[in-house]
Every structure is written in C-alpha cells, then in structure tokens.
2 protein chains.
Amino acid sequence: MGTGEKIMVKSADKSEVLKLGNQLCFPLYACAKEVIKIYRKPLEKIGLTYTQYIVMMVLWEFGKMKEKSLGEKIYLDSGTLTPVLKKLEKSGFVRRERLKADERVVQISLTDKGNKLKEKAKTIPQALDGCIHLSYDELVTLRGLLNKALEGTKEKY
Amino acid sequence: MGTGEKIMVKSADKSEVLKLGNQLCFPLYACAKEVIKIYRKPLEKIGLTYTQYIVMMVLWEFGKMKEKSLGEKIYLDSGTLTPVLKKLEKSGFVRRERLKADERVVQISLTDKGNKLKEKAKTIPQALDGCIHLSYDELVTLRGLLNKALEGTKEKY
DNA sequence: CATAATTAAATTGTGTGCAATTTATTTTAA
DNA sequence: TTAAAATAAATTGCACACAATTTAATTATG
C-alpha cells in the first residue's frame, strides 16, 4: 500500500462528483417535477394550474396581499407573477387593485369564488398519498430539511 | 371539556392542511427553483443551461444513449428533450444519429468537445456551497429521502 | 404477406420562470 | 423643490415542461 491507493481514491472521488446519484440538484429537480405532474389532474378539476394553486394557498392563509410580498413569499418575480395573477383574475378567483395611497402597488385579494374554492382544494394534497413511499416521520424530516435549505438561499451574495 | 374541544381541534387541523408551511409540495417546488437559479450563472460560463447540464451529466456517466432511455432517466419526454438535444448538437457537445437497425431511434453521443466539457463542469456543484446551510449529514439525508420519494413516483396508476 | 397495433421522435399549443428592460410612481437629496 | 434615485409592475425574449397529436418506422397478427 504505497501512494497508489491515495491517488486512486482521490481520482475516484473526483470522477464521482458529477454522477446523478451523488448530486442533490438532480433528485430535487426531478422530484419537484414529478410532484407537480401528480397534482396536475386533480388541480385541473378545480380549475387551477400548479402555480395558481401555490398563489391561492398564500392568499387563503394570509388574505389580501401586495403583489410584491406575494412574490417574495413564493420566490416569483413580477415577470412570472403578473400573468399568473391576470389569469386568476380572469377566472374570477382574485381581484387586482392599485392602492390609492401608492399607485405603484397592486393589491391582490380573494373574491367570494376564490374563498369558496378553498373547501374544494382541501383534498388536493391527498393526491400524493400512495405516490410517495415515505413514512410520516420521513416526510416530516424531508419537509424540514427542504425548508431549512430554502431558508439559506434567501441570503444572496 | 365537552365535545367542543374535539370539534375545534378537528376544524383547526383541517384549516391547517393548506398552509404553505405544512405542505411538502411548496418547499420542494421553491427549493428546486432556487437551486436552479444558483446554478444559472456558473453554468452560463461553460455554455450550458440547467436542463442541458442534467443531460450532459447523464451522458458523462453512461456514454452513448438512446433518446428514449435518456428521457426516462431524467423524467423528460421527447417534447422537452428533442429541442434541448438539438441545441446541444448545435453547440457541438453531442451528436444525434438515427440507428441503422431501427430508424425510429435517435442515438445520442458525446463529441470531443462534449467530453472535454466534463473537466470544466466538475466545479459546478460547488456553486451551492455557502448557499444551502445544511450539514453534510443533513445533505446526505435530504438526498436520500428525495431519491426514495422519486423512486415511488415511478409506479404510476 | 398485408394490415393493425405499437413504438420513438417530432410537432403544436399552453403555461410557467427568469433576466433584462421599460414605464409609471414615489421618495430622496442637492 | 425639482432633478436623481429608488421602487413596483409590466413587458420582452428565451428556454423549458408537458399534454396531445402527428409522422415515420417496426413489430405483431390474422
């Protein structure tokens, strides 16, 4: 056992770096896509896309919000959010109104129809049941780690 | 303490279901987007988009592949994959050739330029260093749970 | 062996997602 | 107090992502 072993181990490690199985980014990307795919059909039944569903969840939880704050909460800028909100408005789920006190700001609020939709939406999360083979504890751990990772990304530099 | 408590607890639980913090789908969606955002700049320097990077990692690991198998590995269908592969071909990183034995199948292989790119790509995963505040153990746990969850979604029904 | 069924890519249409820019409004400062 | 800086949405351009359909080739079957 001379220097050969060390060198082999080092070069083996290096060549492993880019393998899909050793990456965090790949399962994260793929898993997020698969979950969105699973939600698509049940969401379609209540008239929402996935992104619209995320927006509606924020509004159901926090009520009326400025477009800016809404975007910060779900990590979307106006380039994505404005068209999504216009579609939700066209579907009759939200109102978009400029604040009189500051005409730059668009206030988003729920219509009656938007409020009522919450009841129908309560069964949506069950779409994952049976599709993701994790125990309750694993699920809680996963959610916790994702939220912690997400927290870290807020400090941009 | 009559039946009131039970009812309150039940209805409280119900109203919690759709809160962002209680959902798996939201941190998964948001975290995946943030990671892709972090990778964007370093990837741009070596001439790749995020999806192209995922494709190249598969090719670096497995070599020549049929478009179909490639798509299955990264959960993408031809609707997304065909244009991505055409761009990678135009950039000179891959070749696309119909199999003589079966003209339906497109075989994807790396060019010299595509092979050489692997060296430059080895530093890409470091982009996450400092952006995600997880210990090594947490990272391994997170990756493991994501891969396990991903595995479950393969059985569609 | 000829037609039906299957398979693999490609195409089409809709909906994000984001960087960069533009427009309108408000705040800051000279 | 007015020109400059900052802020919030909207717009533009490019790149996915996917369902649904189409096209071309191969395999299965009567």
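Going by the structure above, here's the rest.
Residues numbered from 1 in each chain as written. Chains lettered and ligands numbered in written order. Predicted model: local features only at pLDDT ≥ 70, side-chain atom pairs only at ≥ 80, totals over all residues. Heavy atoms only, no water.

Enquirer: How should the overall build of chain A be read in this particular structure?
Expert: Of the regular secondary structure elements, chain A holds 7 helices and 3 strands. Secondary structure elements of chain A, listed N to C terminal, follow the sequence α-α-α-β-α-α-β-β-α-α. For chain A, the proportion of its 157 residues judged to be buried stands at 43%. Sequence separation of at least 24 residues holds for 50% of the intrachain contacts in chain A that already meet a minimum separation of 6. Accessible surface, chain A: about 8,900 Å² in total, of which carbon and sulfur atoms supply 54%. (Helix = DSSP H or I, 4+ residues; strand = E, 2+ residues; numbered from the N terminus. Buried < 20%, exposed > 50% of the residue type's maximum accessible area, 1.4 Å probe, protein only. Contact = heavy atoms within 4.5 Å. Areas by Shrake-Rupley, 256 points an atom, 1.4 Å probe, with all protein chains shown as cover.)

Enquirer: Just checking my understanding: could you explain the protein's contact with DNA strand D for this structure?
Expert: DNA strand D sits among 29 residues. The nearest are Tyr29, Ser78, Thr82 and Arg96 of chain A together with Thr49 of chain B. At 2.8 Å, a side-chain N or O of Ser78 of chain A approaches a base nitrogen of DNA strand D. Within the backbone of Val106 of chain A, a nitrogen or oxygen atom sits 3.1 Å from a phosphate oxygen of DNA strand D. Elements with a contribution of two residues or more to the surface near DNA strand D: α2 (25-45), α4 (67-74), α5 (78-90) and β2 (94-98) of chain A together with α3 (50-62) and α5 (78-90) of chain B. Grouping the constituent residues of the surface near DNA strand D by class yields 7 nonpolar, 8 polar and 14 charged. (Near = heavy atom within 4 Å. Polar contact = N/O pair within 3.5 Å; in protein donor to acceptor, adjacent residues only side chain to side chain. Nonpolar A, V, L, I, M, F, W, Y, C, P; charged D, E, K, R; others polar.)

Enquirer: I'm lost on the interface of chain B and chain A in this one. Help?
Expert: Size of an interface: often given as the accessible area lost when the parts come together. Taken residue by residue, the interface counts 62 residues in chain B and 62 residues in chain A. For the pair chain B and chain A, the summed buried surface comes to about 6,100 Å²; carbon and sulfur atoms form 72% of the total. When the buried area of chain B at its contact with chain A is split by residue, Leu18, Leu24 and Tyr29 of chain B rank highest and sum to 12% of it. The tally of links between chain B and chain A comes to 2 salt bridges. Between Lys148 of chain B and Glu138 of chain A there is a salt bridge, with its nearest N and O atoms 2.8 Å apart. Take the side of chain B that touches chain A: its biggest share by element is 15 residues, from helix α2 (residues 25-45) of chain B. (Buried area = accessible area lost by both parts, 1.4 Å probe. Salt bridge = Lys/Arg side-chain N within 4 Å of Asp/Glu carboxyl O.)

Enquirer: Got a minute to help me understand the relation of the copies chain B and chain A in this structure?
Expert: The two chain copies are connected by a rotation around an axis plus a translation along it. Take chain B, turn it by 180 degrees, move it 0.0 Å along the axis, and it overlays chain A with an RMSD of 0.0 Å. The transformation relating the two chain copies, once decomposed into turn and shift, fits a two-fold axis. Taken together, the interface assignments show that 100% of the residues at the interface of chain B recur at the interface of chain A, consistent with an identical surface on both copies. (Least-squares fit on C-alpha atoms with pLDDT ≥ 70 in both.)

Enquirer: Is there a simple way to think about the layout of surface pockets in this case?
Expert: Over the atoms rolls a probe the size of a water molecule, and in doing so it shows where empty space is left. In this structure, the largest pocket encloses a volume near 670 Å³. In terms of lining residues, the largest pocket is bounded by 30 residues, among which Tyr75, Leu76 and Asp77 of chain A together with Lys33 and Lys37 of chain B are the most central. For the lining of the largest pocket, the secondary-structure elements that each account for two or more residues are α2, α4 and α5 of chain A together with α2 and α3 of chain B. Considering each element in turn, the lining of the largest pocket owes the most residues, 7 residues, to α2 of chain B. Considered class by class, the residues forming the lining of the largest pocket number 12 nonpolar, 6 polar and 12 charged. (1 Å grid on protein atoms, 1.4 Å probe; cavity = no way out; pocket = protein on both sides within 12 Å on 5 of 7 lines; lining within 4 Å. Points joined across faces, edges and corners; volume = space filled by probe spheres on them.)

Enquirer: I'm lost on the sheet that holds strand β3 (residues 106-110) of chain B in this one. Help?
Expert: Note on sheets: strands pair through backbone hydrogen bonds, and any given pair is parallel or antiparallel. Residue and element names in this part refer to chain B. Pairing is antiparallel across the open sheet formed by 3 strands, whose spatial order is β1-β3-β2. Because the sheet does not close on itself, it has two edges, and the strands there are β1 (65-66) and β2 (94-98). The pairing of β1 with β3 spans 2 bridges and is classified as antiparallel. Following the sheet pairing, Met65 is matched in β3 by Ile108. The sheet strands contacting α3 are β1, β2 and β3, and the helix crosses β3 at an angle near 80 degrees. (Pairing = 2+ DSSP bridges. Axes fitted to C-alpha atoms, helices over the stretch in contact; angles between N-to-C directions.)

Enquirer: Before we go on, may I ask you to explain the protein's contact with DNA strand C in this structure?
Expert: In the neighbourhood of DNA strand C, 29 residues make up the surrounding shell, with Tyr29, Lys37, Ser78, Thr82 and Arg96 of chain B lying closest. Counting only atoms of DNA strand C within 4 Å of the protein, the sugar-phosphate share comes to 78%. Here a phosphate oxygen of DNA strand C sits 3.4 Å away from a polar atom, N or O, in the side chain of Gln52 of chain A. Contact between DNA strand C and Val106 of chain B: a phosphate oxygen at 3.1 Å from a main-chain N or O atom of the residue. Sorting the residues of the surface near DNA strand C by element identifies α3 (50-62) and α5 of chain A together with α2, α4 (67-74), α5 and β2 of chain B as the ones contributing at least two each.

Enquirer: I'm lost on helix α7 (residues 136-152) of chain B in this one. Help?
Expert: Residue pairs spaced three or four apart in an α-helix point in one direction, given the helix's 3.6 residues per turn. Counted at 1.5 Å a residue, the expected span for α7 of chain B with its 17 residues is 24 Å, and the 25 Å between its end C-alpha atoms agrees. Restricting attention to buried positions, one finds in α7 of chain B the residues Leu142, Arg143, Leu145, Leu146, Ala149, Leu150 and Gly152 of chain B. Those residues of α7 of chain B hidden inside the fold are in contact with α2 and α7 (136-152) of chain A together with α2 of chain B. (Expected span 1.5 Å × (residues − 1).)

Enquirer: What am I meant to see in the packing of aromatic side chains here?
Expert: Given two aromatic rings, their pairing is described by the distance between the two centres and the angle made by the two planes. As enumerated under the stated definition, the model contains 8 aromatic pairs over all chains in all. Taken together, a centroid distance of 5.9 Å and an interplanar angle of 50 degrees make the contact between Tyr39 of chain A and Tyr50 of chain A tilted. Taken together, the positions of Tyr39 of chain A in helix α2 and Tyr50 of chain A in helix α3 put the pair 11 residues apart, joining distant regions of the chain. Owing to a relative accessible area of 8%, Tyr50 of chain A belongs among the buried residues under this scheme. Aromatic ring contacts, followed pair by pair, group Tyr29 of chain A together with Tyr39, Tyr50 and Tyr53 of chain B into a single cluster. Its end group placed over the ring of Phe93 of chain A, Lys113 of chain A keeps NZ or CZ at 5.0 Å from the ring centre. (Phe/Tyr/Trp six-rings, centres within 6.5 Å; stacked < 30°, edge-to-face > 60°. Lys NZ or Arg CZ within 6 Å of the ring centre and 35° of its normal.)

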